[in-house]
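Notes for the structure review
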Amino acid sequence: MPTMLSLAFVLLASPAFAQEKISGSNVDTRIGMAFKVSDGALRKLVPEGWEISPATSGPSQGANLNVTIVNMLTAYDADGKPATPYRGVAFVVPVKKKGSDATVPMVAAGLFTSNYAPGAYGVFLPARITVDRKTRIDLDGKTTVEESWELRADGGHSVDILVHYVAGLPANSKVEQRVFSAAKPEFFRIYRFEQAAEVVRSVPAGVDRVSRVSFKATGDKLGALFDGSQQLISVTATPWYSRQVSLRAY
């Protein structure tokens, strides 16, 4: 789930494994948000032996938490047969193993439709999700996008998101990375994906084509992270994302 050229989800490319097995593929639209949140609250989501590794450069410099908003359009299983798409929000921490210099994404929490909970990483709550997405193209070619999400899970867990931005020309890229799980930190999935992505807000880069944005989260884990002290560092829009997922073969 991380990703993006300059988003909060582009973290680290990794070499391919000699022994792998494909587990599926999918095509999505995505939005990535990079935040700086309380280190103390965030550390509670990171397993022993790992440490938080905030972004030190790029559009999300200073961010220690990446949020990926996933709207899956098509999905296929390991045999190439159609599967049921899912949607939701994943919370990913940039981390490194103690004694290592390599920063990797670690999925720590999230809310997803029930067909992908707890998910491959074992950390997602099943949620009821409403998505509203509007795109307007004016006569002069100006394109504006407004997207809102409401996610509700049992136990008082919720996420509400609104983002309204002016779209530009996304840049194409190919990325390979390994994404780890906070629930089982030795487990990872291998992602190889192509995407078209653009940074529409970046505090470090002085970019801002976002006219409205809000993010609220409640629950025992997320409420402590989004208590009003969080800072939104960047927003990346990804209107096209195509991924193949592989697992290490044992």
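Note that residues are indexed from 1 along each chain, following the sequence as it is written. It should be noted that, the model being predicted, local features are given only for residues of pLDDT at least 70 and side-chain atom pairs only at 80 or more, the latter also being counted only at that level, while totals for whole chains, interfaces and linings use all residues. Derived side-chain values reflect all non-hydrogen atoms in the structure, with water molecules and hydrogen atoms excluded from consideration.

Some remarks on the overall build of the protein
Scanning the protein from N- to C-terminus turns up 2 helices and 15 strands. Both definitions apply: the radius of gyration is a C-alpha atom measure, and the globule rule equals 2.2 Å times residues to the power 0.38. Taking 250 residues into account, the globule formula puts the C-alpha radius of gyration at 18 Å, and the protein, at 17 Å, falls close to it. The 250 residues of the protein split such that 48% are buried. By definition in these notes, contact holds between two residues if any of their heavy atoms fall within 4.5 Å. Look at the contacts in the protein between residues 6 or more apart in sequence, and 70% of them connect residues 24 or more apart. Per element, the accessible surface of the protein, about 11300 Å² overall, is 51% carbon and sulfur. Secondary structure follows DSSP: runs of H or I at least 4 residues long count as helices, runs of E at least 2 residues long count as strands, and numbering of each begins at the N terminus. Here's how the labels work: a residue is buried when its accessible area is under 20% of the maximum for its type, exposed when over 50%, partly exposed in between, all with a 1.4 Å probe on protein chains only. All accessible-area figures derive from a Shrake-Rupley calculation using a 1.4 Å probe, and residue coverage is judged against the displayed protein chains alone.

Topic: the sheet that holds strand E14 (residues 210–218)
Here, strands pair whenever DSSP counts at least two bridges between them. Here we have 4 strands laid out as an open sheet, ordered E8-E9-E10-E14, and antiparallel in their pairing. In the strand order of this sheet, the two ends are held by strand E8 (128–137) and E14, each with one partner. Across the sheet, the axes of successive neighbouring strands diverge by a mean angle of 5 degrees, strand direction being ignored. An axis is simply a line fitted to the C-alpha atoms; with a helix, the fit covers only the stretch in contact. Between two such axes, the angle follows the N-to-C directions and lies from 0 to 180 degrees.

With respect to unusual backbone geometry
With the exception of glycine, the majority of residues adopt a negative phi angle, and the majority of peptide bonds are in the trans configuration. A cis amide bond links Ala117 to the next residue, Pro118, at an omega of 10 degrees. Checked against the element boundaries, Pro118 lands in the loop between strand E6 (104–112) and strand E7 (124–126).

A word on the environment of Gly141
Its location among the elements puts Gly141 in the loop between E8 and strand E9 (143–153). A C-alpha to C-alpha distance of 47 Å links Gly141 and Lys184, two positions 43 residues apart in sequence.

Considerations on the environment of Ala108
For Ala108, the location among the structural elements is in strand E6. Overall, the relative accessible area of 5% leaves Ala108 in the buried class. The sequence separation of Ala108 and Pro185 amounts to 77 residues, and the corresponding C-alpha distance is 10.0 Å. With near-sequence residues (within four places) excluded, Ala108 lies in contact with Leu45, Phe91, Val93, Val123, Ala182 and Lys221.

Considerations on the confidence of the model for the protein
Low pLDDT marks regions whose predicted coordinates should not be analysed in detail. With 92% of its residues at a pLDDT of 70 or more, the protein has an overall mean of 93. The low-confidence segment residues 1–17, where pLDDT is below 50, has 87 contacts with residues more than four positions distant or belonging to other chains. The pLDDT value expresses, per residue, how confident the predictor is, ranging between 0 and 100.

Quick look at the packing of aromatic side chains
Ring geometry is summarised as follows: Phe, Tyr and Trp rings, the Trp one being its six-membered ring, pair when their centres sit within 6.5 Å, and such pairs are stacked at plane angles under 30 degrees, edge-to-face over 60 and tilted between the two. If you walk through the whole model with that rule in mind, you get 14 aromatic pairs. Ring centres of Tyr86 and Tyr116 lie 3.9 Å apart, and the angle between their planes is 5 degrees; on these two criteria the pair is classed as stacked. Taken as a pair, Tyr86 in the loop between strand E4 (82–83) and strand E5 (87–97) and Tyr116 in the loop between E6 and E7 lie far apart in primary sequence, 30 residues in all. Each member of the pair, Tyr86 as well as Tyr116, is classed as buried. Look at Phe215 and Phe226: their rings are 4.7 Å apart centre to centre, the planes differ by 40 degrees, and that puts the pair in the tilted class.

Section: the nonpolar core
Formed by 44 residues in total, the largest nonpolar core has its most connected members in Met33, Val67, Phe91, Val159, Phe215, Leu225 and Phe226. Broken down by element, this core gets its largest block of residues, 5 residues, from E6. By nonpolar core we mean a set of buried residues, namely Ala, Val, Leu, Ile, Met, Phe, Trp, Tyr and Cys, connected to one another through side-chain atoms within 4.5 Å. The next biggest cluster of nonpolar side chains, apart from the first, holds 19 residues, and it includes Tyr86, Val123, Val179 and Tyr241.

Things to note about the pairing of E8
The pairing of E8 with E9 spans 10 bridges and is antiparallel. Opposite Thr135, over in E9, you have Val145 as the bridge partner. What sits between the antiparallel neighbours E8 and E9 is a turn of 5 residues, in which Gly141 has the positive phi angle 95 degrees.

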